[in-house]
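Report on the structure
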Amino acid sequence: MAKFQQYHVPYTIDPRYAKKVCYFSMEFAIHQPLKIYSGGLGFLSGSHLRSAYELRQNLIGIGILWKYGYYDQARNQDQTLQVQWNEKIYNYLEDTGIKYQINIHDAPVWVKVFYLNPETFKSAPLFLLSTDVPENDYVSQTITHRLYDANVATKVAQFILLGIGGARLVEELKFKPEVYHLNEAHAISLVFHLYKKLGSVEQIRKQLVFTTHTPEEAGNEKHDIHLCLKMSYFNGLTLDEVRKLTGITDDQFNHSLVALRFARLANAVSELHGHVSRKIWARYDGICPIIHITNSQNWKYWADKQLYFSMDEANEERFEDRKKYLKRRAFDIVADQTGKLLDPNVFTVVWARRFAGYKRADLITRNKQRFEALLNNKKYPIQFIWAGKPYPVDYPAISDFNHLVHISKQYRNMAVCVGYELTLSKRLKQSADLWLNNPRVPREASGTSGMTAAMNGAVNFSTNDGWIVEFINHGNNGFVVPPTDYEKMQVHEQDEYDLNFMYDILERQILPAYYDTPSTWRQIVQNGMRDVRFRFDSNRMANEYYELLYNAQ
């Protein structure tokens, strides 16, 4: 307990990163055994904390200890998706001894705090809040049971816990941050705690920065303002006071809008997303400036070092051997799960990430005739792997997953995996020759899966969205569907356009390069590996957060 009474980061701080920062996120994907993440937001914050540790930054993470995690993805008897909620136990988290109460729904709720030591997984210090304690009634205990709970009131309570509960923790630690960094707007309730403490919006603004991840206004979280009031979201302020402070005139409390009005500076997560965000929010007044800091992933954690060593030594034979070994190892996992034993000598396409409508997991299967011809091509054999977790109550996305499972039963060279978490993610990226990414432009704010795929010797093939715009040089380090004026297209026209180009590029450029000119293909792979090595390593990103966001005046 003593070390948490006047807490400081327990390693020597690099003077360039001396400013004290508290980083708030609903989820962190730091390592496979700590299952408190769902997808991209967590992968980003996990890499950020790893880089903060590597660079010796004066930063601590604040999150929530989810008793059941996001969910465990299992299968029904017919191989379709089954959602399971299993209790998680962690013997490596330290009980800080810190306990305090916050108000939720006009009643005191106990908060207990756990600690992930930086040396456990080589990450910046991480504090995790839990309400799952015997002093609370059952409903209060459930606040920290499920990440992104489907019940609206529970979700609002989770936001209060992260924001107000997190701000209270900072006071218990006597950490005295100079910057509060909100990774997405889930924790924006903290401004109502800070307002009572500091007394003015100007004082809050000096300390608050915000990262927005959503490329469309409709995707930003909104809740009924009267529900928020009833839930004690505003920390005792009246509705009139809240309206005056936030500028909200209707009955929808828009978390991102309030974050943009209270922060002194915000960032989008790719260059394209920066343009899109500024355009979206331009019609609102009182918005802080929005810059961009492109998302990245931690090279040290994700990259296959032996592939890089072989490339740096120009040892092509060893490079090929290593890639084949990585494919074989991953294919054992695929075979164990699905009964499909894939061939490491065959061109392998992987689509793996969160299942969501705009990401169009099944896009390539929609032209049945061409898809069948592709799978039966004797000259250029191909095999496909899908994986990813839909949100547990996103029934259209679950239906997409199950649809792919049923299609896969017809083909020897198509497999659909479950349990897409950090470890399977890394293995599938190592197994991929081609990493397929086809979101509807411009709906992918950044996307980072392709970065870590490239770090493991996979070539990116994508629509022109998110980080891809800054990375792909078509035919040199990856392949991209040529952008067009999507704004003038209906959704079905956009899907048709992208699908036709995907097939044309795959059949005429990608497969011939892999099979007919292997040395050219290897060059494309290695160009991609080099290009992500520094520009899309999260050490670059964590440095930019200090330079462009935390230290900016």
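Summarised in this report is the structure supplied together with it. (Residues numbered from 1 in each chain as written. Predicted model: local features only at pLDDT ≥ 70, side-chain atom pairs only at ≥ 80, totals over all residues. Heavy atoms only, no water.)

A word on the pattern of salt bridges
The final tally for this structure, using the stated rule, is 32 salt bridges. Between Lys389 and Glu421 there is a salt bridge, and its shortest N-O distance comes to 3.0 Å. Note that Lys389 is positioned in the loop between β15 (382-387) and α15 (395-408) and Glu421 in the loop between β16 (414-417) and α16 (422-431), a separation of 32 residues in sequence. Lys389 sits in the buried class, given a relative accessible area of 5%. Shared partners join several salt bridges into a network, and the residues in it are Arg360, Asp362, Arg366, Arg440, Asp495 and Asp498. (Salt bridge = Lys/Arg side-chain N within 4 Å of Asp/Glu carboxyl O. Helix = DSSP H or I, 4+ residues; strand = E, 2+ residues; numbered from the N terminus. Buried < 20%, exposed > 50% of the residue type's maximum accessible area, 1.4 Å probe, protein only.)

Looking at the packing of aromatic side chains
All chains considered together, the criterion is met by 47 aromatic pairs. Look at Tyr70 and Tyr71: their rings are 5.0 Å apart centre to centre, the planes differ by 50°, and that puts the pair in the tilted class. An identical accessibility class is assigned to Tyr70 and Tyr71; each is buried. Here the aromatic rings of Tyr514 and Tyr515 are separated by 4.9 Å at their centres, their planes lie at 85°, and the arrangement is edge-to-face. Residue Tyr515 is classed as partly exposed on the basis of its relative accessible area of 24%. By way of ring pairs, the aromatic residues Phe347, Tyr380, Phe479, Tyr514, Tyr515 and Trp521 are connected into one cluster. Against the face of Tyr53 rests Arg56, its NZ or CZ located 4.6 Å from the ring centre. For the cation-ring pair, Lys429 lies above Trp302, with the distance from its terminal atom to the ring centre recorded as 4.5 Å. (Phe/Tyr/Trp six-rings, centres within 6.5 Å; stacked < 30°, edge-to-face > 60°. Lys NZ or Arg CZ within 6 Å of the ring centre and 35° of its normal.)

Thoughts on the pairing of strand β3 (residues 72-75)
Covered by surrounding structure in β3 are Asp72 and Ala74 together with Gln73 and Arg75, the residues of both alternating faces. Sheet topology places β3 next to strand β4 (residues 81-84); 4 bridges connect them, and they run antiparallel. Considered in β4, the bridge of Arg75 is made with Leu81. (Pairing = 2+ DSSP bridges.)

So, the sheet that holds strand β17 (residues 434-437)
Across the sheet, which stays open at both edges, the 6 strands sit in the order β16-β15-β14-β17-β18-β19 with parallel pairing between neighbours. Taken across any chain shown, the strands that pair with only one partner, and hence form the sheet edges, are β16 and β19 (478-480). Along the sheet, successive strands turn relative to each other by an average axial angle of 20°, direction set aside. Relative to β16, β15 runs parallel, the two being bridged by 4 bridges. Among the inter-strand pairings, Trp386 is bridged to a residue of β16, identified as Val416. (Axes fitted to C-alpha atoms, helices over the stretch in contact; angles between N-to-C directions.)

Let's talk about helix α19 (residues 491-516)
Taking 1.5 Å as the rise per residue, α19 with 26 residues should run 38 Å; its terminal C-alpha atoms sit 36 Å apart, in good agreement. Taken as a whole, α19 carries its principal kink of about 40° at Leu506. (Expected span 1.5 Å × (residues − 1). Bend = angle between axes of the 7 residues up to and from the residue.)

Looking at the packing of helix α12 (residues 305-312) against helix α13 (residues 316-338)
Two elements in contact, α12 and α13, have axes separated by 8 Å at closest approach and are oriented at 165°. What the angle tells us is that α12 and α13 run roughly antiparallel. Pair α12 / α13 crosses with left-handed handedness. Contacts between α12 and α13 involve Gln306, Leu307, Phe309, Ser310 and Met311 from the first element and Arg318, Phe319, Arg322, Lys323 and Leu326 from the second. A class-by-class count of the residues in the contact of α12 with α13 yields 5 nonpolar, 2 polar and 3 charged. (Parallel < 35°, antiparallel > 145°, perpendicular 65-115°, else oblique. Left-handed = near helix turned anticlockwise from the far one by under 90°. Contact = heavy atoms within 4.5 Å. Nonpolar A, V, L, I, M, F, W, Y, C, P; charged D, E, K, R; others polar.)

Digging into the nonpolar core
The biggest cluster of nonpolar side chains holds 179 residues, and the ones touching the most others in it are Trp386 and Trp521. In terms of residues, this core owes the most to one element, helix α4 (residues 152-173), which gives 11 residues. Leave out the neighbours within four places in its chain, and Trp386 touches Trp351, Phe355, Ala361, Ile364, Thr365, Phe371, Leu404, Met414, Ala415, Val416 and Cys417. Judged by nonpolar contacts, the second largest core, of 16 residues, contains Phe331, Ala352, Leu424 and Trp435. (Core = buried A, V, L, I, M, F, W, Y, C linked by side-chain atoms within 4.5 Å.)

A few points about the sheet that holds strand β2 (residues 59-64)
Ordered in space as β5-β6-β7-β2-β1-β8-β9-β12-β13, the 9 strands form an open sheet in which the pairing is mixed. The open sheet has two edge strands, β5 (94-104) and β13 (290-292), and neither has a second partner. Averaged over all adjacent pairs, the angle separating strand axes in this sheet is 25°, with direction ignored. Examined bridge by bridge, β2 and strand β7 (residues 126-130) share 4 bridges and lie parallel to one another. Looking across to β7, one finds that Ile62 is bridged to Phe127. Lying over the sheet, helix α9 (residues 255-262) contacts β9 (208-211), β12 (265-268) and β13, oriented at roughly 140° with respect to β9. Of the strands in this sheet, β12 and β13 are in contact with helix α10 (residues 271-281), which crosses β13 at around 165°.

Considerations on the side chain of Gln207
Within the element layout of this structure, Gln207 appears in helix α6 (residues 201-207). Judged by its relative accessible area of 18%, Gln207 falls in the buried class.

Some thoughts on unusual backbone geometry
Between Val441 and the following residue, Pro442, the backbone shows a cis peptide bond with an omega angle of 0°. Tracing the backbone shows Pro442 in the loop between β17 and α17 (449-454). With phi around 55°, His105 is a residue other than glycine that occupies positive phi space. Relative to the elements of secondary structure, His105 occurs in the loop between β5 and β6 (107-116). With a phi angle near 55°, Tyr148 is a residue other than glycine that sits in the positive phi range.

What about the environment of Lys174?
Relative to the elements of secondary structure, Lys174 occurs in the loop between α4 and β8 (179-183). Overall, the relative accessible area of 42% leaves Lys174 in the partly exposed class. In this structure, the C-alpha to C-alpha distance between Lys174 and Arg412, residues 238 residues apart in sequence, is 59 Å. Ignoring sequence-local partners within four residues, the contact set of Lys174 consists of Gln5 and Gln6.

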